[in-house]
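Remarks on the overall topology
These are the residues of each chain, in order.
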Amino acid sequence: MSFSRDADGFGDPDDLRHRPIPLRALGLSVAALAVPVLVSLFSLEAADYETLLWLLALVPALLLSYYRGWRGSAIAVAVGMLVLVALQLSLLLLGREIQHWELLGGVVVADVLIAFGIGAVTEKLHRQRARAEELSLTDELTGIPNRRYARAFLEREFAAARRGRSVAVVLFDLDRFKTFNDTHGHTEGDEVLRAFAALLDETTRRMSLSARFGGEEFITILSSCDVEGALSFANRVLDGLRALQLGEGRVTVSAGIAVYDAGMESPYALIAAADRALYEAKAGGRDRICIFDGVHSLTGS
């Protein structure tokens, strides 16, 4: 299972560093670099503390590393060094004597080391945060996205459907799974859940999403998909499960399909429609697909 299938960025460590940097953070960075520059250019007499003011170059490193990890620190150091070099050249052109070269060199080295240290720590924190987020969105047993992930994905797809893009929802429910568990044991049942989740994940396009919705129920949200495409997808899943021959007894699955309609007020209405179709598939004999047409469910397979 890969969380890169869709474009929401869930669980993607790089996404944490692609957030826009607030203007106030950039403003503070510019101000921090401006202080030593202005003091050096406009102080009538060189003061001992002027060189130490270059420690303010750590401010951009702190701020940018929060948004870009060690890359932010590298950018801050590079900009700081360019500003420092430009300033020293300007002072030489103005005929100003540059004092405390040794102290300035020590400050530069300290800035570089501290900045990259900050960047390394922040990078690690970014990755730990991304990992924690990914775990919170993953079903522990099957390794595919969980109900929370599916709801967030569906909310965005539902909003896109209101703007004109089609979306379909397919609910799957393994038939008589409780009986299977009671007969063959929960260990065998868990293997069936993992195998079906893998089948579902392999069958799902990258722009869509399949997730475990709870218990033996799974959901697939098909982006830019009409009822014919959803039916074709569901048939591939049912055929794939039949071919797997899971467990000691035959395992089948029923499916309910619903496609976005302008009369639906929320994503939950779309789920409810698919759930109604799933109920009809179960009532109609299981191991089949039913489609919700806005009024009632029609048998699709």
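Basis of the calculations
- Residues numbered from 1 in each chain as written.
- Predicted model: local features only at pLDDT ≥ 70, side-chain atom pairs only at ≥ 80, totals over all residues.
- Heavy atoms only, no water.
- Helix = DSSP H or I, 4+ residues; strand = E, 2+ residues; numbered from the N terminus.
- Buried < 20%, exposed > 50% of the residue type's maximum accessible area, 1.4 Å probe, protein only.
- Contact = heavy atoms within 4.5 Å.
- Areas by Shrake-Rupley, 256 points an atom, 1.4 Å probe, with all protein chains shown as cover.
- Axes fitted to C-alpha atoms, helices over the stretch in contact; angles between N-to-C directions.
- Parallel < 35°, antiparallel > 145°, perpendicular 65-115°, else oblique.
- Nonpolar A, V, L, I, M, F, W, Y, C, P; charged D, E, K, R; others polar.
- Salt bridge = Lys/Arg side-chain N within 4 Å of Asp/Glu carboxyl O.
- Left-handed = near helix turned anticlockwise from the far one by under 90°.
- Pairing = 2+ DSSP bridges.
- Right-handed = clockwise from strand over helix to strand, strands pointing away.
- pLDDT = per-residue confidence, 0-100.
- Phe/Tyr/Trp six-rings, centres within 6.5 Å; stacked < 30°, edge-to-face > 60°.

Here we come to the overall build of the chain. A tally of helices and strands in the chain yields 10 helices and 6 strands. In the chain, which comprises 301 residues, the share counted as buried stands at 44%. In the chain, the share of contacts with a sequence separation of at least 24, taken over all contacts with a separation of at least 6, comes to 72%. Looking at the chain as shown, the accessible area adds up to about 15300 Å², and 59% of this sits on carbon and sulfur atoms.

Here we take up the side chain of Ser223. With respect to the helices and strands, Ser223 occurs in strand 3 (residues 217-223). Judged by relative accessible area, which is 2%, Ser223 ranks as buried. Here Ser223 is in contact with Glu157, Arg165, Ser166, Arg205, Met207 and Ser208, once residues within four sequence places are set aside.

Turning our attention to unusual backbone geometry. With a phi close to 70 degrees, Arg286 is a non-glycine residue in the positive phi region. Within the element layout of this structure, Arg286 appears in the loop between helix 10 (267-283) and strand 5 (289-292).

Put simply, helix 7 (residues 177-184) and helix 8 (residues 186-203) touch, their axes get as near as 7 Å, and they point 135 degrees apart. It follows from the interaxial angle that helix 7 and helix 8 lie oblique. Along the contact surface, helix 7 presents Phe177, Phe180, Asn181 and His184, while helix 8 presents His186, Glu188, Gly189, Val192 and Leu193. Among the residues forming the contact of helix 7 with helix 8, the class breakdown is 4 nonpolar, 4 polar and 1 charged.

Tallied over the entire structure, the rule returns 8 salt bridges. With a shortest N-O distance of 3.1 Å, Asp182 and Lys178 are connected by a salt bridge. You can see Asp182 and its partner Lys178 sitting in helix 7, 4 residues apart, about one turn around the helix. Accessibility assignment for this pair places Asp182 and Lys178 in one class, exposed. In this structure, the salt-bridge partner of Arg242 is Asp239, at a minimum N-O distance of 2.8 Å. Residue Arg242 and its partner Asp239 are located together in helix 9 (residues 227-244), separated by 3 residues, close to a single helical turn. Because the salt bridges share partners, they merge into one network encompassing Asp173, Asp175 and Lys282.

Here we come to the environment of Arg71. One can find Arg71 in helix 4 (residues 58-93). Each C-alpha atom, one on Arg71 and one on Glu123, is 8.7 Å from the other, the two residues being 52 residues apart in sequence.

Here we come to the packing of helix 8 against helix 9. The interhelical angle for the contact between helix 8 and helix 9, taken along N-to-C directions, is 140 degrees, at an axis separation of 10 Å. Regarding the angle of helix 8 to helix 9, the classification is oblique. Judged by the sense of rotation from one axis to the other, the crossing of helix 8 with helix 9 is right-handed. From helix 8, Ala195, Phe196, Leu199, Leu200 and Thr203 reach across to helix 9, where they touch Phe233, Arg236, Val237, Gly240, Leu241 and Leu244. Across the contact of helix 8 with helix 9, the residue classes break down as 8 nonpolar, 2 polar and 1 charged.

Further remarks concern the pairing of strand 4 (residues 253-259). For strand 4, the buried fraction is high: 6 of the 7 residues fall into the buried class. Across 7 bridges, the pairing between strand 1 (residues 167-174) and strand 4 is antiparallel. Along strand 4, the bridge assignment pairs Asp173 with Ser254. Relative to strand 5, strand 4 runs parallel, the two being bridged by 3 bridges. Note that in strand 5 the partner of Ile257 across the bridge is Ile291. Assessed by its sense of winding, the connection that carries the chain from strand 4 through helix 10 to strand 5 is left-handed.

Let us look at the confidence of the model for the chain. Scored by pLDDT, the chain has a mean of 79; 68% of the residues are at 70 or more. Under a pLDDT of 50 for its full length, residues 1-14 has, in the predicted model, 40 contacts with residues more than four places off or in other chains.

Take the packing of aromatic side chains next. Throughout the structure, instances matching the rule amount to 5 aromatic pairs. Ring geometry for Phe172 against Phe196: centres 5.9 Å apart, planes inclined by 70 degrees, an arrangement best described as edge-to-face. With a gap of 24 residues between them, Phe172 in strand 1 and Phe196 in helix 8 connect regions that are remote in the sequence. Each residue in the set Phe172, Phe196, Phe218 and Phe233 is aromatic and connected to the rest through ring pairs, giving one cluster.

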